[in-house]
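Tertiary structure, described
Listed below, chain by chain, are the residues.
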Amino acid sequence: MDRNLPIGIFDSGVGGLTVVKAIRDLLPSESIIYFGDLAHMPYGSKGTKTVKTLALNVAKFLYNQGIKILVVACNTATSNALPYIKSEFSDIPIIGVVEPGSIEALNISENKRIGVIGTTRTINSNAYLETITSIMPSARVFQYATPTLVPLIEDGWIDHPGMYLILNDYLSYFEDKDIDTLLLGCTHYPLIKKNIKLLRPALKIVDSAESTAKKVKETLEKINILSNNSESFIKFFASDISEVFIDLTKKIMGDYIEINIVEGAT
Ligand code: DGL
């Protein structure tokens, strides 16, 4: 395996750029190819079968570019399609966001009572619940679907009073659950970490973007394929683009990025 091949990363949209950013910060010598399946997002409100088909198509696109590892940065795709993708591409390591986030949540929670928020498809898959309790059967997991947050974030309502109103309403679900940790089970939610902190300052927050970046580093180290290239590159592909996503991209990456549109790739 060529250690200087890029890391492939995908998400249903541009939310997965939070994972790109975390990987870039941790592993600046690694090249990255990103694919955002914007033509088909949101995945979170679709059925499992559709999510599986879409995720597999994107994985195929990235695999064919020549990558050394694949990161499924989308929580919905990870929770519904990870084993399926792994069975199709068994010659490269494939990492999803659910396991790293779950491990991190268990590590930082003191009372092992963990709240999880995500899209309807992620929550209904029970992926976080099953992963956390398979690692620690005595842990208590409380999951809640918070589907309105993705469109609010995309529409730029991050600092809007309406965001706080809806977020507060969603977080009230956990009021009597005695959780000390909240796991952000969606690519978009790191963007509202500060809002959650403001509303529930006592909660520890797990952002799966950061824990996934650590897992990627560990995996590359373990199989000895960390890049030694001083000139790394980063390339962005998407199946569609619009003004909303360009704005969001700037918010996440802190700058304009050039996105190559590949129609019909997925
Ligand atoms: N990327 C999705 C996730 O992390 C959120 C957006 C969508 O529903 O497609 O679950």
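Our subject is the structure listed above.
Below, the structure is looked at part by part. In this text, all values refer to a predicted model and were calculated from it rather than measured experimentally.

**Quick word on the overall build of the chain**
The secondary structure content of the chain amounts to eleven helices and ten strands. Against the 2.2 N^0.38 benchmark of 18 Å for 266 residues, the chain shows a C-alpha radius of gyration of 17 Å, consistent with a compact globule. Considering only C-alpha atoms, the chain reaches an extent of 50 × 40 × 35 Å along its principal axes. Across the 266 residues in the chain, those meeting the buried criterion constitute 53%. Taking all contacts inside the chain whose residues are at least 6 apart in sequence as the whole, residues at least 24 apart take part in 76%. When the accessible area of the chain is evaluated, it comes to approximately 11,400 Å², of which 50% is carbon and sulfur surface. For the chain, the centre of its 26 positive side-chain charges and the centre of its 30 negative side-chain charges are spaced 5 Å apart.

**Brief notes about the sheet that holds strand β10 (residues 259-261)**
Spatially, six strands are ordered β4-β3-β1-β2-β9-β10 in an open sheet, and the strand pairing comes out parallel. With one partner strand each, in any of the chains shown, β4 (94-96) and β10 form the two edges of the open sheet. If you compare each strand with its neighbour and ignore which way they point, the axes differ by 20° on average. The sheet contact formed by strand β1 (residues 7-11) and strand β3 (residues 69-72) spans four bridges and is parallel. Residue pairing for β3: Gly 8 is matched across the bridge by Leu 70. Of the strands in this sheet, β1, β2 (32-36), β3 and β9 (234-238) are in contact with helix α1 (residues 17-26), which crosses β2 at around 170°.

**Let's talk about the environment of Leu 38**
Tracing the chain through its elements places Leu 38 in the loop between β2 and α2 (48-65). In this structure, the C-alpha to C-alpha distance between Leu 38 and Leu 203, residues 165 residues apart in sequence, is 32 Å. Here Leu 38 is in contact with Ser 12, Gly 13, Val 14, Ala 238, Ser 239, Asp 240, Ile 241 and Phe 245, once residues within four sequence places are set aside.

**A short note on the packing of aromatic side chains**
The description of an aromatic ring pair rests on the distance of the ring centres and on the angle between the ring planes. The tally for this structure, following the rule as stated, stands at eight aromatic pairs. Ring plane angle 75° and centroid distance 5.4 Å describe the contact between Phe 61 and Phe 237, whose orientation is recorded as edge-to-face. With Phe 61 in helix α2 and Phe 237 in strand β9, this pair connects stretches of sequence that are 176 residues apart. Comparing Phe 61 with Phe 237 shows no difference in burial state: the two are buried. Every member of this aromatic cluster is reached through a ring pair, and the members are Tyr 144, Tyr 170, Tyr 173 and Phe 174. The ring centre of Tyr 84 lies 5.3 Å from the NZ or CZ of Lys 52, which sits over that ring.

Conventions used here
- Along each chain, residue indices are assigned from 1 in the same order as the chain's sequence is written.
- Selection of residues for local features in this predicted model requires a pLDDT of at least 70, selection of side-chain atom pairs for listing and counting requires 80 or more, and totals for whole chains, interfaces and linings are taken over all residues.
- Side-chain measures were taken over the full set of non-hydrogen atoms in the model, leaving aside hydrogen atoms and water.
- The helix and strand labels rest on DSSP assignments: H or I over at least four residues marks a helix, E over at least two residues marks a strand, and numbering proceeds from the N terminus.
- The globule rule is 2.2 Å times the number of residues to the power 0.38, and the radius of gyration it is compared with is taken over C-alpha atoms.
- The cut-offs for exposure are 20% and 50% of the maximum accessible area for each residue type, with area from a 1.4 Å probe on protein chains only; residues under the lower value are buried, those over the upper are exposed, and the others partly exposed.
- Here, two residues are considered to be in contact whenever any of their heavy atoms come within 4.5 Å of each other.
- Shrake-Rupley sampling with a 1.4 Å probe provides the accessible areas, and residues are treated as covered by the protein chains on show and by no other component.
- Two residue types count as positive, namely Lys and Arg, and two as negative, namely Asp and Glu; His and chain ends fall outside the count.
- For this purpose, a charge sits on NZ of Lys, CZ of Arg, CG of Asp or CD of Glu.
- Pairing between two strands requires that DSSP report at least two bridges joining them.
- Lines fitted to C-alpha atoms define the axes, with helix axes restricted to the stretch in contact, and inter-axis angles between N-to-C directions lie between 0 and 180 degrees.
- Note on ring pairs: Phe, Tyr and Trp rings are taken, using the six-membered ring of Trp, and paired if centres are within 6.5 Å. Classes follow the plane angle, with under 30 degrees stacked, over 60 edge-to-face and the rest tilted.
- Geometrically, a charge over a ring is one whose NZ (Lys) or CZ (Arg) sits within 6 Å of the ring centre while staying within 35 degrees of the ring normal.

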